[in-house]
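Residue-level structure breakdown
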Amino acid sequence: MLPLLDLGLLRALTRAWDFFELADLRVNWGLGGITPQLARNELVNEFELGGVIFVKRLFDIFVSGVALVLLFVPMIFIGWKIRQKLGSPIFFTQLRPGLNGQVFEMIKFRSMTSEQTLDGQLLPDSERLTHFGRFLRDYSLDELPELWNVLKGDMSLVGPRPLLKQYLPLYSPEQARRHEVRPGITGWAQVNGRNSISWDDKFALDVWYVDHKNLWLDIRILWLTVRKVLARDGINAAGDATMPKFTGNQ
């Protein structure tokens, strides 16, 4: 269990301790114009942030671990059906940027064929997405293996969705703040439009979550996600199989 807690938790707590030592030095020696009240307020803020990160990570570990056990047999069945209908491999893996832009390997169930043009280029998503693959996506069943990413610490249950690496240089400074937290299987943007909203709206919702994250908000988002998935709401953007590519800010 200990390796799963990774350095993220310790980093938040040690940052608060480092600030405490620095603030104590400045107050005692009159450095930097910092007052005892300001030092106390900053220290409280740091510990509150560390507490949120710590509780969120424990929640992620517990829920993802239990879910992987409970969903083991259904996931085996889904993998078998993918092998039957789409062939091998049954998993789709891709490098995606996560916390602080650090790249990790995301794993999902495969939902598209590997059909290519004569010159070796993959066909558009709309042509490779079969009826069975659309069913997996409609009910987010293709996302289930990401529970392993959550357990490992690459992702969280709730957070901004992990997007493509090539989007990193296209973000504005404000949009790039979505990488201040771990990416999630679901997120605030997913329960407020999913793929049917614009990129600008999606990024604004991601940054709102970064600024307001807490355990109760995560629980609310998970509950809303179940309702959205069952209602099959906001799955596709107009004219696209899923979501059009992000090409930068105009």
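It should be noted that the structure appears before, not after, this text.
The paragraphs below set out a description of the structure included in this document. (Residues numbered from 1 in each chain as written. Predicted model: local features only at pLDDT ≥ 70, side-chain atom pairs only at ≥ 80, totals over all residues. Heavy atoms only, no water.)

**What about the pairing of strand β1 (residues 91–97)?**
With seven bridges connecting them, β1 and strand β2 (residues 103–109) associate as antiparallel partners. The residue bridging Gln94 from the neighbouring strand is Met106, located in β2. Taking the residues that link successive antiparallel strands as the turn, the β1-β2 hairpin has five residues, and the phi of Asn100 there is positive, at about 60°. (Pairing = 2+ DSSP bridges. Helix = DSSP H or I, 4+ residues; strand = E, 2+ residues; numbered from the N terminus.)

**Concerning the nonpolar core**
Counting 31 residues, the largest nonpolar core has Ile82, Leu157, Trp188, Tyr209 and Ile221 as the members making the most contacts within it. Residue contributions to this core peak at four residues, all from helix α2 (residues 36–70). Residue contacts for Leu157: discarding those within four places in its chain leaves Phe59, Asp60, Val63, Leu147, Val150, Gly184, Ile185, Thr186 and Leu222. If you look at the next biggest cluster of nonpolar residues, it comprises eight residues, including Leu164, Tyr167, Trp199 and Phe203. (Core = buried A, V, L, I, M, F, W, Y, C linked by side-chain atoms within 4.5 Å. Buried < 20%, exposed > 50% of the residue type's maximum accessible area, 1.4 Å probe, protein only. Contact = heavy atoms within 4.5 Å.)

**Some points on the packing of helix α7 (residues 199–212) against helix α8 (residues 215–231)**
Axes are the key here: two packed helices are described by the angle between their axes and the distance separating the axes. Close contact between α7 and α8 brings their axes to 10 Å; oriented N to C, the two are set at 140°. With respect to their mutual orientation, α7 and α8 come out oblique. Contacts from Trp208, Tyr209 and His212 of α7 reach α8 at Leu217, Asp218 and Ile221. (Axes fitted to C-alpha atoms, helices over the stretch in contact; angles between N-to-C directions. Parallel < 35°, antiparallel > 145°, perpendicular 65-115°, else oblique.)

**Considering the packing of aromatic side chains**
Scanning the model with the defined rule gives 11 aromatic pairs in all. Ring centres 5.7 Å apart and planes at 80° place the aromatic pair Tyr167 and Phe246 in the edge-to-face group. Of this pair, Tyr167 sits in the loop between β3 (156–158) and β4 (184–186) while Phe246 is found in the segment after α8, placing the two residues 79 residues apart along the sequence. With respect to class, Tyr167 is no different from Phe246; both count as buried. Grouped by ring-pair contacts, the aromatic residues Tyr167, Tyr171, Trp199, Phe203 and Phe246 constitute a single cluster. Above the plane of the ring of Phe132 lies Lys85, whose end atom (NZ or CZ) is 5.8 Å from the centre. Over the aromatic face of Trp199 sits the side chain of Lys202, whose NZ or CZ is 5.8 Å from the ring centroid. (Phe/Tyr/Trp six-rings, centres within 6.5 Å; stacked < 30°, edge-to-face > 60°. Lys NZ or Arg CZ within 6 Å of the ring centre and 35° of its normal.)

**A word on empty space enclosed by the protein**
Evaluated as defined, the whole model comprises one cavity of 30 Å³ or more. Approximately 30 Å³ is the volume attributed to the largest cavity. Along its surface, the largest cavity is lined by Pro97, Gly98, Pro160, Arg161, Pro162, Arg178, His179, Val181 and Pro183. Tallied by class, the residues present in the lining of the largest cavity amount to five nonpolar, two polar and two charged. (1 Å grid on protein atoms, 1.4 Å probe; cavity = no way out; pocket = protein on both sides within 12 Å on 5 of 7 lines; lining within 4 Å. Points joined across faces, edges and corners; volume = space filled by probe spheres on them. Nonpolar A, V, L, I, M, F, W, Y, C, P; charged D, E, K, R; others polar.)

What is shown is where atoms sit, not what they do.
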